[in-house]
Amino acid sequence: MSTYRDFTHRGSARATVLRTVGTRERRSHLTAPRVPTVGIDIGGTKVMAGVVDADGNILETLRTETPDKSKSPKVVEDTIVELVLDLSDRHDVHAVGIGAAGWVDADRSKVLFAPHLAWRDEPLRDAIASRLVVPVMVDNDANTAAWAEWRFGAGRGEDHLVMITLGTGIGGAILEDGHVKRGKYGVAGEFGHMQVVPGGHRCPCGNRGCWEQYSSGNALVREARELAAADSPVAHGIIERVKGNIPDITGPLITELAREGDAMCVELLQDIGQWLGVGIANLAAALDPSCFVIGGGVSAADDLLIGPARDAFKRHLTGRGYRPEARIAKAQLGPEAGMVGAADLARLVARRFRRTNRRRVERYERYAQFYDQAASTIRNTRSTRTAD
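Residue positions within a chain follow its written sequence, with the count starting from 1. The predicted origin of the model limits local features to residues at a pLDDT of at least 70 and limits the giving and counting of side-chain atom pairs to 80 or more, whereas totals for whole chains, interfaces and linings rest on all residues. Side-chain figures throughout are based on the complete set of non-hydrogen atoms in the structure, without hydrogens or water.

Digging into the overall build of the protein chain
Secondary structure counts use DSSP, requiring at least four H or I residues in a row for a helix and at least two E residues in a row for a strand, with both numbered from the N terminus. Assigned secondary structure in the protein chain consists of 12 helices and 13 strands. Within the protein chain, the proportion of its 388 residues that are buried is 50%. Sequence-distant contacts, at least 24 apart, represent 66% of the contacts inside the protein chain between residues at least 6 apart. Relative accessibility decides the category of a residue: with a 1.4 Å probe and only protein chains considered, values under 20% of the type maximum give buried, values over 50% give exposed, and everything between is partly exposed. Residues are treated as being in contact if the distance between any of their heavy atoms lies within 4.5 Å.

Remarks on helix H11 (residues 303–316)
The first and last C-alpha atoms of H11 sit 19 Å apart over 14 residues, in line with the 20 Å expected at 1.5 Å per residue. Taken together, the buried positions of H11 are occupied by Leu305, Ile306, Gly307, Pro308, Ala309, Ala312 and Phe313. Check the buried side of H11 and you find it contacts strand S9 (160–166), helix H10 (263–287), strand S12 (291–295) and strand S13 (327–330). Multiplying one less than the number of residues by 1.5 Å gives the expected span of a helix.

Notes on the sheet that holds strand S6 (residues 111–113)
Judged by pairing direction, the sheet is antiparallel, and its three strands sit side by side in the order S5-S6-S7 without closing on themselves. The open sheet has two edge strands, strand S5 (103–104) and strand S7 (120–122), and neither has a second partner. One ladder, built from two bridges, connects S6 with S7; its direction is antiparallel. Note on S7: the bridge partner recorded for valine 111 is glutamate 122. Only strands that DSSP links by at least two bridges are regarded as paired with each other.

Considering the confidence of the model for the protein chain
The pLDDT value tells you how sure the predictor is about a given residue, anywhere from 0 up to 100. Averaged over every residue, the pLDDT of the protein chain is 84; the share at 70 or more is 81%. Overall, residues 354–364 carries pLDDT values under 50, and its contacts beyond four positions in sequence, including any with other chains, amount to 14 contacts.

Some details on unusual backbone geometry
Here the phi dihedral of aspartate 231 falls at roughly 55°; this positive angle occurs in a residue that is not glycine. Inspection of the secondary structure assignment puts aspartate 231 in the loop between helix H7 (217–229) and helix H8 (236–241). For lysine 243, which is not glycine, the phi dihedral falls at a positive 55°. In this fold, lysine 243 is placed in the loop between H8 and helix H9 (251–259).

Overview of the pattern of salt bridges
Here, a salt bridge means any side-chain nitrogen of Lys or Arg that lies within 4 Å of a carboxyl oxygen of Asp or Glu. Per the counting criterion, the structure on display carries 19 salt bridges. For aspartate 41, the salt bridge is made with lysine 46, and the minimal N-O distance between the two is 3.4 Å. The class of aspartate 41 is buried, set by a relative accessible area of 10%. Note that glutamate 158 and arginine 327 form a salt bridge whose closest N and O atoms lie 2.9 Å from each other.

Section: the sheet that holds strand S4 (residues 96–100)
Strand order in the open sheet formed by five strands is S3-S2-S1-S4-S8, with mixed pairing between adjacent strands. This sheet does not close on itself; its edge strands, each paired only once, are strand S3 (58–65) and strand S8 (136–140). For this sheet the average axis-to-axis angle between neighbouring strands, irrespective of direction, equals 15°. Taken together, the five bridges between strand S1 (residues 37–42) and S4 define a ladder with parallel strand orientation. Paired with isoleucine 40 across the two strands is isoleucine 98, which belongs to S4. Here, axes are lines fitted to C-alpha atoms. For helices the fit covers the stretch in contact, and angles between N-to-C directions go from 0 to 180 degrees. Contacts from helix H6 (residues 141–152) reach S1, S4 and S8 within the one sheet, and its direction differs from that of S8 by about 100°.

Description of the nonpolar core
Ile164, Ile238, Leu276, Phe292 and Phe313 are the most contacted members of the largest nonpolar core, which totals 41 residues. Contributing elements (two or more residues each) for this core: S9, strand S10 (170–176), H7, H9, H10, S12 and H11. In terms of residue count, the dominant contributor to this core is H10 (10 residues). Ignoring any residue separated from it by four or fewer positions in sequence, one finds phenylalanine 313 in contact with Gly277, Ile280, Ala281, Ala284, Phe292, Glu325, Ala326 and Ile328. Within this scheme, the nonpolar core is defined by two criteria: the residues are buried Ala, Val, Leu, Ile, Met, Phe, Trp, Tyr or Cys, and they are joined through side-chain atoms within 4.5 Å. One finds Ile42, Leu83, Val84 and Trp119 within the second-largest nonpolar core, a separate group that totals 29 residues.

Next comes the structure, spelled out in structure tokens:
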């Protein structure tokens, strides 16, 4: 007898399931299967994969460099598949979630654009799902990080949360009543490209004065390198640390020197923090969340950054003194947040995928029982005629 697997079209089942995931996330995560899933965090320089349990605990992680600067989409897809298969050798994996640094469409099937990867309208979900035997979920990496912080980190218990990720640029995500707000076309949360200084610094997006040109890792490093290149007296400490090699000035080095008391580095982080506070005040006027969670690599500066951000937020908040103020908190899950969130969102897909398959199995078994009974009746009829 043919098995159910022979009658199941997995691709169409996945597509149907994934289209229904976004509308009931809050209710679904409470009843999602407590099974291990794999989360993938893809950036311009690294691909990180990990097995995550239902409580957000990371059971194992693997890291590799993003291959060949991603000149070919298939090269990155090969890397993802290899990491998942490697982890599957040691863990019972039920679904895969991918957090991609780029714009993901509303159906979470295509990466519309990735600034650091060769993905343009790339059907990533289907490309990966066709090579694995488990369902696949794709989302923006800031969305997956925000989901992780809401479920397991600094945003637990919040009904209206905004996450801001400070790295090379600025990313963001919005959660309302436990639902990720992706917008009509899937690209909500691109806060870094709000214009805060008309005619200001040129941004790679093509505009001028974008928020991320004043409050991001790139902005921090740019200011430090400009002061060092000008041989400013205030930059003496950092020039000495890099032995005059200005390209060696990095964000982590600036943070390290600031913690050691270097006045210029402390001031630069204060400047970045003040711009962060201005942007948060603007977002509060538009979105009115109860909590802002600050994540990304630059947030490692802790109160050197977040302290000035809180002060600037209070100074620039519309209606200050006459309205409740949102809490500003540092993210708790660190660089693994995107991976953990992707894995947890994939668990929702695993639940619906398993439920859909179970219903189809039950339906098939009923049909099979009916056909077996019909075949038995036909055989008995033929036997009777032959005997006659």
